[in-house]
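Chain by chain, the residues run as shown.
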Amino acid sequence: MGLVADTKDSLRLAVPDVFNIAHALNVVGRNNHSDVADLFPFRNGWRLEVFGDERWYVARMLDAPAAVSNHITQFAPDDISPFLAQLAALPPGDLTELIALRGRDWYGLLGGLWYGQDRFTYIRRRDAPGTNDAGWWDDIATQLAAYLDLLLLPALREVHSWRFAQALPKPVPYDLANVTPSLWVLECEETSTQGTAFALEGSGLVTCEHVVGTATKAFQASAPTKRYPVEVVCRHSVVDLAVLRINTPITQALTRGYPAEARQLDPLAVFGFPNYRLGDSGTVVVGSVAGFRTISGIRRILTNAPIISGNSGGPVLDGVGRVIGVAVTGAERMERAQDTENHGVIPIDALDLISEHAGSP
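How each quantity is defined
- Residues numbered from 1 in each chain as written.
- Predicted model: local features only at pLDDT ≥ 70, side-chain atom pairs only at ≥ 80, totals over all residues.
- Heavy atoms only, no water.
- Pairing = 2+ DSSP bridges.
- Helix = DSSP H or I, 4+ residues; strand = E, 2+ residues; numbered from the N terminus.
- Axes fitted to C-alpha atoms, helices over the stretch in contact; angles between N-to-C directions.
- 1 Å grid on protein atoms, 1.4 Å probe; cavity = no way out; pocket = protein on both sides within 12 Å on 5 of 7 lines; lining within 4 Å.
- Points joined across faces, edges and corners; volume = space filled by probe spheres on them.
- Phe/Tyr/Trp six-rings, centres within 6.5 Å; stacked < 30°, edge-to-face > 60°.
- Buried < 20%, exposed > 50% of the residue type's maximum accessible area, 1.4 Å probe, protein only.
- Lys NZ or Arg CZ within 6 Å of the ring centre and 35° of its normal.

(A) Representation of the sheet that holds strand β17 (residues 344–347) in the model. Judged by pairing direction, the barrel is antiparallel, and its six strands sit side by side in the order β12-β13-β14-β17-β16-β15 before closing back on the first. Strand-to-strand twist of the sheet, defined as the mean angle between neighbouring strand axes without regard to direction, takes the value 45°.

(B) Structural view of empty space enclosed by the protein. Taken as a whole, this structure holds one cavity of 30 Å³ or more when the rule is applied. Size it by volume and the largest cavity reaches roughly 30 Å³. Along its surface, the largest cavity is lined by V238, V239, I295, S296, I298, R300 and I346.

(C) Quick look at the packing of aromatic side chains. Tallied over the full model, the rule gives nine aromatic pairs. Taking 5.9 Å as the distance between ring centres and 85° as the angle between the ring planes, the aromatic pair formed by F273 and Y276 counts as edge-to-face. No difference in accessibility class separates F273 from Y276, as the two residues are buried. Taken together through their ring pairs, the aromatic side chains of Y107, Y115, F120 and Y147 make up a single cluster. The aromatic ring of F292 is capped on one face by R299, whose charged end is 3.9 Å from the ring centroid.

Have a look at this one:
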């Protein structure tokens, strides 16, 4: 598997308890990888979610730097059931051996909800032959060593290289002639709530759930008199995403990207209609990925690009023009943009959680 020579042995330094993952990982970071130790997750707070039944034990640790104190919660059965279905499809045998065999591919197999720069998941198959409750920390250390060497360290090295390459990402040109026709203004005639929506290939009009009112209509900035009532195909208030349908052909749509591949300092651009007024062209603000923050179990992308009220629901594009997320958190006015520390982007992958049965536009 090509592990760093002393990684696994270095991890054998904590009390044999799953709750010491954060401590062990960061001691290794300080002692063995001082150049990127400040980038390690779980340094300033964490949240542990656990689940166990007669077949599986799952413990997912999430970076939570704003946490008042580290805490542990139980997974709700409905929340973890899709993951258990994925695990059930794996071949029988020792999970730790399987992780070692599949290497980096293991993390792609189970997805960004379970592994990433800000999360690690320990999995134990309780019903495998020869498995018992002894040797927990040895098993955890082996899985943690693979995570550290195959996923975390390569990602942190990439961020580290940016520190020396450039202080800020270079502006990336975006094809406005391609993006603008896919953008829509949303306005509720009862509450005057405004937002942005965009056409996404294979989905329809995508926006934030909180901007959709009981009398919301969609129109394009180039034709503000042609307003179309929206039909909600699906919505989710916790995820804060909605997919809409309107009674007119959608001629241009954006392409979905890969938010799980986003790294700190990657360039991005936020499109939308902040505080829209008749005649506005809409705005595009180029920035970069500032970091990540988990909200309602979803890893949002933080950005230094200001997101203003009315931007909510707008597309956030990566450096090659693909949609990696939806703008969600904004200040009331541009001059107060600095008041918002959660300039947030909901990853476009979260759409899968709510639009499994949504049709095409």
